[in-house]
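This is what each chain is made of:
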Amino acid sequence: QVQLVESGGGLVQAGGSLRLSCAASGIILGISINGMGWYRQAPGKQRELVASISRGGMTNYAEDVKGRFTISRDNTRNTVYLQMNSVKPQDTAVYYCYAFVLARQYWGQGTQVTVSS
C-alpha cells in the first residue's frame, strides 16, 4: 500500500519561507515513482496545481508561484519537496502532494500552510 506523508506546513509571516516535504512509503523494490507534485486548496476554492516534477526532473509551475516556489525530488528517498519563498497571504491553503506509481495517482493527507500579513 503506497502512502504519502507530508510535513513542514505551519504558520509563516508574509515574505518568509517554508519547506514542505512529502515522503512515499510502501513502494515495491524495483518500482519507480513517476510524476510527483503539489496541489493546494484554499477555503471556498477548487484544488489547483502548484508545481509538478517528472522523474527526470522536468518541472512545471503555476503562474503565480513562478520565481517564488521551487519543487525538487530525491528519487533515492522517494521524496518530493516544495521550497516556498517570499510567501504571500494568498498562498494560504492546504497543500497536498501526489505521486504516480504504475499509472495510479496517490495523495497525501494534506498539510496546512497559513501566511499572515
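Residues numbered from 1 in each chain as written. Predicted model: local features only at pLDDT ≥ 70, side-chain atom pairs only at ≥ 80, totals over all residues. Heavy atoms only, no water.

S.K.: Where do I start with the nonpolar core in this structure?
M.R.: When a protein is soluble and globular, its nonpolar side chains tend to lie buried together. Counting 31 residues, the largest nonpolar core has Trp38, Leu82, Met84 and Tyr95 as its most contacted members. Secondary-structure elements contributing two or more residues to this core are β3 (18-25), β4 (33-41), β5 (48-53), β7 (69-74), β8 (79-84), β9 (93-101) and β11 (111-116). (Core = buried A, V, L, I, M, F, W, Y, C linked by side-chain atoms within 4.5 Å. Buried < 20%, exposed > 50% of the residue type's maximum accessible area, 1.4 Å probe, protein only. Helix = DSSP H or I, 4+ residues; strand = E, 2+ residues; numbered from the N terminus.)

S.K.: I keep staring at the sheet that holds β7 and nothing clicks. Help me out?
M.R.: Within a beta sheet, neighbouring strands are joined by backbone hydrogen bonds and run either parallel or antiparallel to one another. The 4 strands are arranged β1-β3-β8-β7 in an open sheet whose pairing can be described as antiparallel. For this open sheet the edge positions go to β1 (3-7) and β7, each flanked by a neighbour on one side alone. The sheet shows a mean angle of 15 degrees between the axes of neighbouring strands, taken without regard to direction. Bridge count between β3 and β8: 6 bridges; the pairing is antiparallel. Within β8, the position partnered with Leu20 by the bridge is Leu82. (Pairing = 2+ DSSP bridges. Axes fitted to C-alpha atoms, helices over the stretch in contact; angles between N-to-C directions.)

S.K.: Before we go on, may I ask you to explain the environment of Ser7 in this structure?
M.R.: With respect to the secondary-structure elements, Ser7 resides in strand β1. For Ser7, a relative accessible area of 39% gives the class partly exposed. Excluding anything up to four places from it in sequence, Ser7 contacts Arg19, Leu20 and Ser21. (Contact = heavy atoms within 4.5 Å.)

S.K.: What should I look at first to understand the environment of Leu20 in this one?
M.R.: Here Leu20 shows up in strand β3. Note: C-alpha distance between Leu20 and Gln3 (17 residues apart in sequence) is 16 Å. Sequence-distant contacts of Leu20, that is, excluding residues within four places in its chain, are made with Ser7, Gly8, Gly9, Trp38, Val80, Tyr81, Leu82, Met84, Tyr95, Thr111 and Val113.

S.K.: What am I meant to see in the pattern of salt bridges here?
M.R.: It is possible for side chains of opposite charge to pair when their charged atoms get near one another. Under the definition given, this model contains 6 salt bridges. Measuring nitrogen to oxygen at the nearest pair gives 3.0 Å for the salt bridge that ties Arg40 to Asp64. You can see Arg40 sitting in strand β4 and its partner Asp64 sitting in the loop between β6 (59-61) and β7, a full 24 residues away along the chain. You can call Arg40 buried: its relative accessible area is 4%. You can call Asp64 partly exposed: its relative accessible area is 41%. Ionic contacts of the salt-bridge type, sharing partners, join the residues Arg40, Glu48, Asp64, Arg68 and Asp91 into one network. (Salt bridge = Lys/Arg side-chain N within 4 Å of Asp/Glu carboxyl O.)

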